[in-house]
Amino acid sequence: MYVGVDCGTQSTKVVVVDIDQAAILGEASRPHHLIEGDNGKREQDVSEWIAALTEAFHEAVGEARIDAREIRAIGVSGQQHGMVALDADGQPLHPAKLWCDTETALHNEALIERLGGRVGCLDKLGLVLQTGYTASKVAWLRDTHPDAYQRIATLLLPHDYLNFWLTGERVAECGDASGTGYFDTRTRSWRHDVFQAMAPELSPEAVLPRLIDSHAPVGTVRSDVARLLGLGDDVLVSSGGGDNMMAAIGTGNIAPGMVTLSLGTSGTVYAHSDVPMEAEDAQVANFCASHGGWLPLICTMNVTSATTKVRELFGFDLTTFGERVASAPLGAEGIMALPFFNGERVPALPHATASFEGMTSLNTTADNLCRAVVEGTTFGLRYGFERLGELASQASQVRLVGGGAKSSVWRQIVADVLDVDVICPRLTEAAALGGAIQAAWCDTQTRGRGESLAALTERLVEVDLDTLTRPRGEPVRRYQELYQRYRQALAERYDVAP
Ligand SMILES: Nc1ncnc2c1ncn2[C@@H]1O[C@H](COP(=O)(O)OP(=O)(O)O)[C@@H](O)[C@H]1O
Ligand SMILES: O=C(CO)[C@@H](O)[C@H](O)COP(=O)(O)O
């Protein structure tokens, strides 16, 4: 029996998987609260992650009707890029600053310049720093909270922190480490020189966690945590990884030829690559995968965060929201949303704000505004999909995950806007499933059975044929025109090349 945990932006999900029966026996989630500020601040209290994990774990195990002592290993997935700065006692020095925090955008720009611009970043890191990466958050802490900064003993990412809570070990792995901004994604190693340029008072040898391979264990669960969760002795914790890396595993995207697209708080599009990607476009992040290989990725900051904002304005539940989107005509009668409620990463517009264009006294209806925000976020993903070049365009099918993938009308909009077949895995909580699969891989590698990751994903990742959605001729053509209008708006308003 294996457990996968995914600490996303809005909630922590837990799944219980029986790999012998190839069955998902239980799943549960608990929400987190976001600490927001007008200046782009997006933070979370790490104790909420622990509480959510613990509660969701008990519920998922209960639903699975198993004894928790049957669990052999746990794999943890986490929202990428967040900064968890710990003191010498392992206590957080500040709430976790999240991937979607844009308060640190100016620090990011300064770091890029310090590293020698786009060329210097590529040379040192194999990717160009983007708003939200961990490095700018460390620089921000140094500027704004020098006392806390001076006391940093360990710098972890969100999933590293949960691994630390589970095991007491301060460890990192290459997939999530790729998004720190002080890690060379080609050689899969920390860049101490880059770290020191950003944080000269700290010793990288001391504060950066030990790197392990994706299939290696972080350690075993500490006895007090084992008691809290009802686990037996010697429960392994696998390396885990960033949520996109783990969702790659959970969608079977571990070899070339497949694309995963996530409609979560963020929107992401990514594909496996056997070699590091030398992207022309700085917006493509050449991340390492958490299963070996690389996972070139683009990320937009406004997907369900934007749709939720509009949905809640009208007081709609998810079902009503889906019905309203479906009942508005394609193109929302001329209303187009640039949904940058939280700035944007791709395209790089950290200070942008959201706008709805083309509103008149006749077309300004709740239905049209709901449809426009879904279409606008999907246009953003098409922009990202195009940046991935052949890696995306050669895919014959896109695997759709994240909360928004549960909406059939949104699946159709994605298929029509991207002009590609889309399908969901049976478990759309793909990052949590990826955690459980990686845990099984780690356990069987460590304890003898030696099952390959490919064999495990083949057995455990199942697509849901009922969700297969194909692009339709006329809507594809109409969305092509509307996407051009979206690009035109980006060019006029923000100088993004058309
Ligand atoms: N049927 C649906 N239609 C639109 N949005 C949905 C639907 N179901 C869930 N969501 C949204 O998905 C989001 C959660 O997605 P998830 O991938 O779990 O996010 P994260 O991992 O970033 O926390 C929530 O904002 C939720 O409102
Ligand atoms: O920053 C990125 C990817 O680079 C985001 O994808 C985060 O990893 C958050 O993921 P979700 O909470 O939206 O799943």
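Residues numbered from 1 in each chain as written. Chains lettered and ligands numbered in written order. Predicted model: local features only at pLDDT ≥ 70, side-chain atom pairs only at ≥ 80, totals over all residues.

Scanning the chain for helices and strands turns up 19 helices and 25 strands. Rg of the C-alpha trace for the chain: 21 Å, near the compact-globule value of 23 Å for 498 residues, within the 12% margin. In terms of principal-axis extent, the alpha carbons of the chain reach across some 65 × 50 × 40 Å. For the chain, the residues scored as buried account for 56% of the 498 residues in total. Sequence separation of 24 or more characterises 73% of the internal contacts of the chain that already satisfy a separation of 6 or more. (Helix = DSSP H or I, 4+ residues; strand = E, 2+ residues; numbered from the N terminus. Rg over C-alpha atoms; globule rule 2.2 N^0.38 Å. Buried ≥ 20, exposed ≤ 12 C-beta atoms within 10 Å, placed from the backbone. Contact = placed C-beta atoms within 7 Å.)

Right, let's talk about the UniProt feature "domain: Carbohydrate kinase FGGY C-terminal" (unreviewed entry) in the chain for a bit. Look at the UniProt record and you will see "domain: Carbohydrate kinase FGGY C-terminal" (unreviewed entry) annotated at residues 325–441. Split by type, residues 325–441 is 44% helix and 14% strand. Its first and last C-alpha atoms lie 41 Å apart. (UniProt positions renumbered as here; feature names shortened; annotations may be inferred.)

Now for the site of ligand 2. Neighbouring residues of ligand 2: 16 residues in total, closest T9, Q80, W99, G264 and S266. By residue class, the composition of the shell around ligand 2 is two nonpolar, 13 polar and one charged. Both of domain 1 (2–244) and domain 2 (252–428 + 462–498) provide at least three residues apiece to the shell around ligand 2. (Near = placed C-beta within 6 Å. Nonpolar A, V, L, I, M, F, W, Y, C, P; charged D, E, K, R; others polar. Domains from an automatic or database assignment.)

A cis amide bond, omega -5°, links V346 with the succeeding residue P347. Along the chain, P347 turns up in the loop between β21 (336–338) and β22 (355–357). In this model, R65 sits at a positive phi of 55°, which is unusual for a non-glycine residue. If you trace the backbone, R65 turns up in the loop between α1 (46–64) and β6 (73–78). One non-glycine residue, D495, lies in positive phi territory at about 65°. Relative to the elements of secondary structure, D495 occurs in the segment after α19 (473–494).

Right, let's talk about helix α13 (residues 318–327) for a bit. Listing the buried residues of α13 in full gives F321, R324 and V325. Along α13, the residues classed as buried sweep out an arc of 100° about the axis, all on the same side. (Arc of directions from axis to C-beta.)

So, about the packing of helix α12 (residues 304–313) against helix α14 (residues 366–387). The contact between α12 and α14 brings their axes to 9 Å, and the two run at 175°. On the basis of the axis angle, α12 is roughly antiparallel to α14. Across the interface between the two elements, A306, T307, V310 and R311 from α12 touch L369, C370, V373, V374 and T377 from α14. Residue composition of the contact of α12 with α14, grouped by class: six nonpolar, two polar and one charged. (Axes fitted to C-alpha atoms, helices over the stretch in contact; angles between N-to-C directions. Parallel < 35°, antiparallel > 145°, perpendicular 65-115°, else oblique.)

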